[in-house]
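Residues per chain are reported as follows:
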Amino acid sequence: MADSIRKSFEGEAKIGRVLKNIATISLKPEDFSSPISLQMAFSRIYDALMKIMEEGGPKPTYIAEVRFTDDLGNQVAFAVDLGEELPPFSTDKVKARVIVEIYEEED
């Protein structure tokens, strides 16, 4: 690998259980722009729920919502799938370390 730059960020993670295939269902700000948009969003959610039920129902998994502040002061949040087993932590709020490595790919 060529030269790289590595940066580490410290943050926090909140661990919780979610139904993984239901997490794909979401409402966007534009879904609330009019009554018609909201009705279309409800229809989209209903269709997604019916598909999930046809596939055997929702599947539980544990997720960590990781939050940290970047070098420009922006709050960054993302999710990490921890799997179907309860993580081995004594609390649902833990520390998180995010490592970013920037590099060029060699052809």
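Positions within a chain are numbered from 1, following the residues in the order the chain's sequence is written. Given that this is a predicted model, residues contribute local features only at a pLDDT of at least 70 and side-chain atom pairs are listed and counted only at 80 or more, while totals for whole chains, interfaces and linings are drawn from all residues. The side-chain quantities take in all heavy atoms of the structure and omit both hydrogens and water.

**Q** Tell me about the pairing of strand E2 (residues 60–69), and please be specific about residues and values.
**A** Here is the key point about a regular strand: its side chains alternate between the two faces of the sheet. A strand pair is defined by DSSP finding two or more bridges across the two strands. The helix and strand labels rest on DSSP assignments: H or I over at least four residues marks a helix, E over at least two residues marks a strand, and numbering proceeds from the N terminus. Bridge analysis of strand E1 (residues 4–19) against E2 gives nine bridges, and the strand direction is antiparallel. Along E2, the bridge assignment pairs Arg17 with Tyr62. Both E2 and strand E3 (residues 75–83) contribute to a ladder of eight bridges, which runs antiparallel. Among the inter-strand pairings, Glu65 is bridged to a residue of E3, identified as Ala79. Here E2 folds back onto E3 in antiparallel fashion, the turn holding five residues, of which Gly73 has a positive phi close to 90 degrees.

**Q** Break down the sheet that holds E3 for me, citing the residues and quoting the values.
**A** The strand order across the open sheet built from four strands is E3-E2-E1-E4, with neighbouring strands paired in antiparallel fashion. This sheet does not close on itself; its edge strands, each paired only once, are E3 and strand E4 (93–103). The average undirected angle you get between the axes of adjacent strands in this sheet is 35 degrees. Axis definition: a line fitted to C-alpha atoms, limited for helices to the stretch in contact. Angles are taken between N-to-C directions and run from 0 to 180 degrees.

**Q** An account of a nonpolar patch on the surface is needed here, citing residue identities and associated values.
**A** Like-charged residues within 9 Å of one another, or nonpolar side chains (Val, Leu, Ile, Met, Phe, Trp, Tyr) within 5 Å, are grouped into patches, provided each residue has over 30% relative accessible area and no salt bridge. Only the protein chains shown count as cover for residues, and all accessible areas are computed by the Shrake-Rupley method using a 1.4 Å probe. One speaks of a salt bridge when a side-chain nitrogen belonging to Lys or Arg is within 4 Å of a carboxyl oxygen belonging to Asp or Glu. A cluster of nonpolar residues, Tyr46, Leu49, Met50 and Met53, forms a patch on the protein surface that exposes about 390 Å² of accessible area. For Tyr46, the location among the structural elements is in helix H1 (residues 35–54).

**Q** Could you give me a rundown of the packing of aromatic side chains, with the residues and numbers involved?
**A** Working definition: rings of Phe, Tyr and Trp (its six-membered ring) pair if their centres are within 6.5 Å, and the pair is stacked with planes under 30 degrees apart, edge-to-face with planes over 60 apart, and tilted otherwise. Under the definition given, this model contains two aromatic pairs. With centroids separated by 4.9 Å and ring planes inclined at 35 degrees, the aromatic side chains of Phe9 and Phe68 adopt a geometry described as tilted. With a gap of 59 residues between them, Phe9 in strand E1 and Phe68 in strand E2 connect regions that are remote in the sequence. Look at Phe68 and Phe78: their rings are 6.4 Å apart centre to centre, the planes differ by 80 degrees, and that puts the pair in the edge-to-face class. Placement of the pair is Phe68 in strand E2 and Phe78 in strand E3, with a sequence separation of 10 residues. Classification of Phe78 by relative accessible area gives partly exposed; the value is 35%. Here the aromatic residues Phe9, Phe68 and Phe78 are joined through ring pairs into a cluster of three or more. Here the guanidinium or amino end of Lys7 rests over the ring plane of Phe9, the centre of that ring lying 5.7 Å away. Using a 1.4 Å probe on the protein chains alone, a residue whose accessible area is under 20% of its type maximum counts as buried, one over 50% counts as exposed, and one in between counts as partly exposed. Definition used: whenever NZ (Lys) or CZ (Arg) falls within 6 Å of the ring centre and also within 35 degrees of the ring normal, the charge is taken to sit over that ring.

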